[in-house]
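Working through the structure, step by step
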Amino acid sequence: MEPSVTGTLDEAYQRLHATGPEFDGWLSNHGPMAAEAMVRHGHADRVHRWLDVYMRRLDEFPRGSGQIGASWQEALGDPRRIADWTAYFRREVAEQPWRLVLETWWLRLLPGVAAAATHGVIRVGHAVRALTEDGEDPEHLTELAYGLAYWAARWQPVPGAGAAGPPPVTARTTAGDGPAAGDEPGAAGGLAAVPRIADQSGGIRERLARLAELPGWPTALAAPHIPASAEALRSWLAGLVDAATISYLSYGHGNGVMLVHSATAPNAILRTLPVLERRLWAPSVSASWAAAAALTAIYAPAFPADPAGLPDPPAGPEAAAETFARAVEHGDEHVIKFADTAADVCTRTGNRDALAAAIRAAQLIGR
């Protein structure tokens, strides 16, 4: 990436690191994630103007109350300790290689993948992409620290995921995207079969709690036949991102904002896999499934939208770039992040329904 463009992201991070990770209660600060996506897709020239508007909504960074130390478990999932966690991780990434810090904490944080409606892992995924594609400068390292701290402070498991354990890991004869002979359908079929909670009211914490009483939820959690080999794991996870993205086209009307995370959370983990030891890939894929399935269960409607009212897939050789540009013009942070993931899916699969899903998000989510 051009130095001037990298500098734009560094400047954005510097501005945003003076703000808290949440505002208006516990709405997540999407500024770092949206800014990174805009830079990545060639819209660095729009970042500061976008931030000028977005940052009016944000709160100042909170004050700390004490150091995180050997008894860090006591502070896990305590949002009052966000400043303490941030100071802790800033020290960690300053004193050790960032990949070592990430691997040390990945398995500790992964069971709490639902943290802040999955925004903890999403913010980490964007930070990892910046580090691997732009370089390891201080602002990028600090952003990783902020992402890990937010995940730790809001750490929250998906109900039933710990008790049920990860989905079974099964050997396969090939590493293809599709299911092996005799297997149940892959990620797309698994998402389609996820049951929905009857009472889809309230915030995410209230909805997640209802999963414990949802008939069929333990079965849904354990349903996927996750492959054994590393390459097949990566392919299966990519298939989950594809399925969740394209599912949004028909089911996003259940909750236009929250259902984007059923795709962006597993995509954040997919982007992180290459910097992790392969022993961490299987639990990462299992956590991705738990997150996507949970968000589907608590937000997706029982029935798809009328196809007649859905946008057509865009055409042309620059369709993905044009779809992202439309998201930037729209301006909503969720629309921008979802278009980022949709572009990944379209590039990987050639399925332009992913881009239609991004256009649908712009229709469903207000400016």
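Structure's up top.
Read on for an overview of the structure. (Residues numbered from 1 in each chain as written. Predicted model: local features only at pLDDT ≥ 70, side-chain atom pairs only at ≥ 80, totals over all residues. Heavy atoms only, no water.)

This paragraph deals with the overall build of the protein. Each helix and strand counted, the protein has 17 helices and four strands in total. In terms of overall dimensions, the protein is globule-like: its C-alpha atoms have a radius of gyration of 19 Å, near the 21 Å expected for 367 residues. Once the C-alpha set of the protein is aligned to its principal axes, its extents read approximately 50 × 50 × 40 Å. Across the 367 residues that make up the protein, the buried fraction comes to 55%. The contacts in the protein between residues at least 6 apart in sequence include a share of 79% that link residues at least 24 apart. (Helix = DSSP H or I, 4+ residues; strand = E, 2+ residues; numbered from the N terminus. Rg over C-alpha atoms; globule rule 2.2 N^0.38 Å. Buried < 20%, exposed > 50% of the residue type's maximum accessible area, 1.4 Å probe, protein only. Contact = heavy atoms within 4.5 Å.)

Next up on the list: unusual backbone geometry. A positive phi is found at Asp24, a non-glycine position, where the angle reads about 50 degrees. Tracing the chain through its elements places Asp24 in the loop between β1 (22-23) and β2 (27-28). Positive phi outside glycine occurs at Thr118, with the angle close to 75 degrees. Judged by relative accessible area, which is 3%, Thr118 ranks as buried.

Glancing now at the environment of Ala263. Mapped onto the fold, Ala263 is located in helix α13 (residues 261-272). Under the relative-accessibility criterion, Ala263 is labelled buried at 0%. Separated by 227 residues in sequence, Ala263 and Glu36 place their C-alpha atoms 17 Å apart. In contact with Ala263, other than residues within four places in its own chain, are Val241, Ala244, Thr245, Phe338 and Thr341.

Honestly, that's just the spatial picture; any functional story needs more than this.
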